[in-house]
Each structure stands twice: as structure tokens, then as C-alpha cells.
Amino acid sequence: MARIIVVTSGKGGVGKTTTSAAISTGLALSGNKTAVIDFDVGLRNLDLIMGCERRVVYDFVNVINGEANLNQALIKDKRVENLAILPASQTRDKDALTKEGVERVLEQLAKDFDYIVCDSPAGIERGALLAAYFADDAIVVTNPEVSSVRDSDRILGILASKTRRAERNQERVKEHLLLTRYSPARVQKGEMLSVDDVREILSIDLLGVIPESKSVLAASNSGVPVILDDESDAGQAYMDAVARYLGEERPHRFLVEKRRLFGRLFGT
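On a predicted model such as this, the values are computed, not experimentally measured, just so you know.

**Regarding the overall build of the chain**
No. 1: Along its length, the chain carries 13 helices and 8 strands.
No. 2: Against the 2.2 N^0.38 benchmark of 18 Å for 268 residues, the chain shows a C-alpha radius of gyration of 18 Å, consistent with a compact globule.
No. 3: Referenced to the eigenvectors of the C-alpha coordinate spread, the extents of the chain come out at roughly 65 × 40 × 35 Å.
No. 4: Residue burial in the chain is summarised as follows: out of 268 residues, 54% are buried.
No. 5: A separation of at least 24 residues holds for 74% of the contacts in the chain among residues at least 6 apart in sequence.
No. 6: Of the roughly 12900 Å² of accessible surface on the chain, a fraction of 46% belongs to carbon and sulfur atoms.
No. 7: Between the averaged position of the 36 positive side-chain charges in the chain and that of its 39 negative side-chain charges there is a distance of 2 Å.

**Some remarks on the confidence of the model for the chain**
No. 1: In the predicted model, the chain carries a mean pLDDT of 92, and 95% of its residues have values of at least 70.
No. 2: Helix 13 (residues 261-266) is the least confidently modelled element of the chain, averaging 49 in pLDDT, while strand 4 (residues 83-86) averages 98, the highest of any element.

**Brief notes about the packing of aromatic side chains**
No. 1: Enumeration over the complete set of coordinates arrives at 3 aromatic pairs.
No. 2: Ring geometry for Tyr115 and Tyr245: centres 5.8 Å apart, planes at 70°, overall edge-to-face. One end of the pair, Tyr115, is in strand 5 (residues 115-119); the other, Tyr245, is in helix 12 (residues 233-245), and 130 residues separate them in sequence.
No. 3: An angle of 85° between the planes, with centres 4.8 Å apart, marks the rings of Tyr133 and Phe134 as edge-to-face. With respect to class, Tyr133 is no different from Phe134; both count as buried.
No. 4: Against the face of Phe113 rests Lys33, its NZ or CZ located 5.3 Å from the ring centre.

**Digging into the sheet that holds strand 3 (residues 75-76)**
No. 1: Ordered by their spatial adjacency, 8 strands build an open sheet running 3-4-2-5-1-6-7-8, and the pairing between neighbours is mixed. Each having just a single partner strand, strand 3 and strand 8 (205-211) make up the two edges of the open sheet.
No. 2: Packing against the sheet, helix 10 (residues 195-202) makes contact with strand 6 (137-142), strand 7 (174-182) and strand 8, and its axis sits at approximately 150° to strand 7.

**Points about the nonpolar core**
No. 1: Formed by 52 residues in total, the largest nonpolar core has its most connected members in Phe39, Phe60, Leu97, Val102, Leu109, Ile116 and Leu159.
No. 2: Counting residues in hydrophobic clusters, the runner-up holds 35 residues, among them Ala21, Ile139, Leu207 and Tyr238.

Definitions and limits used
- Within any chain, residue numbers begin from 1 and follow the written order of that chain's sequence.
- It should be noted that, the model being predicted, local features are given only for residues of pLDDT at least 70 and side-chain atom pairs only at 80 or more, the latter also being counted only at that level, while totals for whole chains, interfaces and linings use all residues.
- To get the side-chain values, all heavy atoms of the structure are used, and hydrogens and water are removed first.
- Only DSSP runs of H or I covering at least 4 residues are called helices, and only runs of E covering at least 2 are called strands; the numbering of each starts at the N terminus.
- With the radius of gyration taken over C-alpha atoms, the globule rule is written as 2.2 Å times the number of residues to the power 0.38.
- Burial status follows relative accessibility: with a 1.4 Å probe on protein chains alone, a residue under 20% of its type maximum counts as buried, one over 50% as exposed, and anything between as partly exposed.
- Working rule for contacts: check all heavy atoms of both residues, and any pair within 4.5 Å makes them a contact.
- We get accessible surface area from the Shrake-Rupley algorithm with a probe of 1.4 Å; when it comes to residues, only the shown protein chains can shield them.
- Residues counted as positive are Lys and Arg, residues counted as negative are Asp and Glu, and His and the chain ends are not counted.
- For charged residues, the charge sits on one atom: NZ in Lys, CZ in Arg, CG in Asp, CD in Glu.
- pLDDT runs from 0 to 100 and stands for how confident the predictor is about each residue.
- The aromatic pairing rule takes the rings of Phe, Tyr and Trp, using the six-membered ring of Trp, and pairs them if the centres are within 6.5 Å, calling planes under 30 degrees apart stacked, those over 60 edge-to-face and the rest tilted.
- Ring-over charges, as used throughout, are those where CZ of Arg or NZ of Lys falls within 6 Å of the ring centre and within 35 degrees of the ring normal.
- A pair of strands is treated as paired once DSSP finds two or more bridges between them.
- Lines fitted to C-alpha atoms define the axes, with helix axes restricted to the stretch in contact, and inter-axis angles between N-to-C directions lie between 0 and 180 degrees.
- Joining through side-chain atoms within 4.5 Å is the link that ties buried Ala, Val, Leu, Ile, Met, Phe, Trp, Tyr and Cys residues into a set, and such a set is a nonpolar core.

The following block contains the structure:
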């Protein structure tokens, strides 16, 4: 049976879609059949980051409404075997998503895929609640700033009380913390929260720390998930996060500022 992962946050602009693209790509690279779904009806950005926007013919809402079947709407990634994308609609209202329709699509996907990654909209509107409702695991994406962490704390409350697992009194959704746009230099200056600060506030397991990196924007603009850039710090950090999710133990990197060669030579 497929494992359903929601990538969520309380605040917009923290890197959820970048994370959804990277995590789903990493899972597929690890040999797992993986589907990633864009739940952000009306905006739709996942297809841009995955580089398949010109290949969208049918979307998530078309499948829910019976206007197309799942096979027609799924887009197979050209670069990574075992990876497929189900885009959101740009022309529909968020109310087009129904609990029954989403459940039906997830059940169909579960027959053929090992992992289903749900790219959630920000906040607690309908699309976000539905993306979280069926989840087995949640990757809570936050930036190291007070407002982002506070909003993520509210999302943790929803994951604990408004999911199918909570309703059925089953084992709770497994929560993982992913800290994005982290800059050790700014932490030292007191301009952002440290990893320990965020972990103390949210009290969930740390899946990964993604360093602030220009490669993330460059990858997004070129329609390539940053995890495929294995020379970038961000790409390596996402690959580490996927490995940890799959049960491998890896040390957390990029938590301290890189010292320049001059400083290393002279101990400054």
C-alpha cells in the first residue's frame, strides 16, 4: 500500500513546492514508484518547477470530475524513471476539490505507486486541509523565523486532530521538520532562529536543514528539481533528507558557516 506524504506549512513562500519536487524526485531516484500531486488549485506551480508545464492537458480536478481518467492526467517525468506528476487546475476554484474525489484518486494511485507526495497550499484553507487529511506522514516546512515557526505550530495541531488517522483513532500522522533557507551566518548575528530554537518550539523530529542557496532559485527557473543538482549544498541537503526519511542515518550538514580558506590557514 502506498505511503501518503503531505508537504505542508502554515505560511506561504517557505519552499513547499520546491520541497515536494525534491522529495518526490529523490524517492523515485531511490527506486520507489512515486507520484506527486499539486493541491494548489487556482495557482499551480508544481508543473513549472518540475519542468512539465507545456505537457499539461488534463489536471487533478478533471480526474475528480470524471472529465479524464488518471492515466490521461498523469505526466511521466522525462528525467527520472518511476516519477509521475498530477498537476492542479489553474482555472477552477479550490472548492472543486472534494473529500470523496480526492480519496478516490489517492486509492487509484495507491495501486501503482509506493509513495504519493501531496504538495499542499499554505495555511488552513480547503486544499490544505484535504492534502493533509489522508496523510500517513507530514513534512512540515518552515523558515527559521518566528512567524513561520508559529504558523507551523498551528499546522501541527491540525495534523493531530483533523486527519483521517485522528478521526479513526489510529497511529498519528508521523511529523518531520524540514528547515529551509537556513543561514548559519545570520543565525550567529541573531537575524534568524537556530536549528535548536526551532526544534524546541515545534518538538518534532528533524528531517533536514536546507541551506540558503541561489541554486534553489536557479533550479526552479529552469524547471529542474534542485535535488538533481548534486553539486549544490541545497541539492545534497535534500538528498540527505530523503535518505533519512527512508531510514538511513546521515549526519546533518550545513549547520555551521563555511570558513574561507584564508581563515582555515591562519585559524581565524
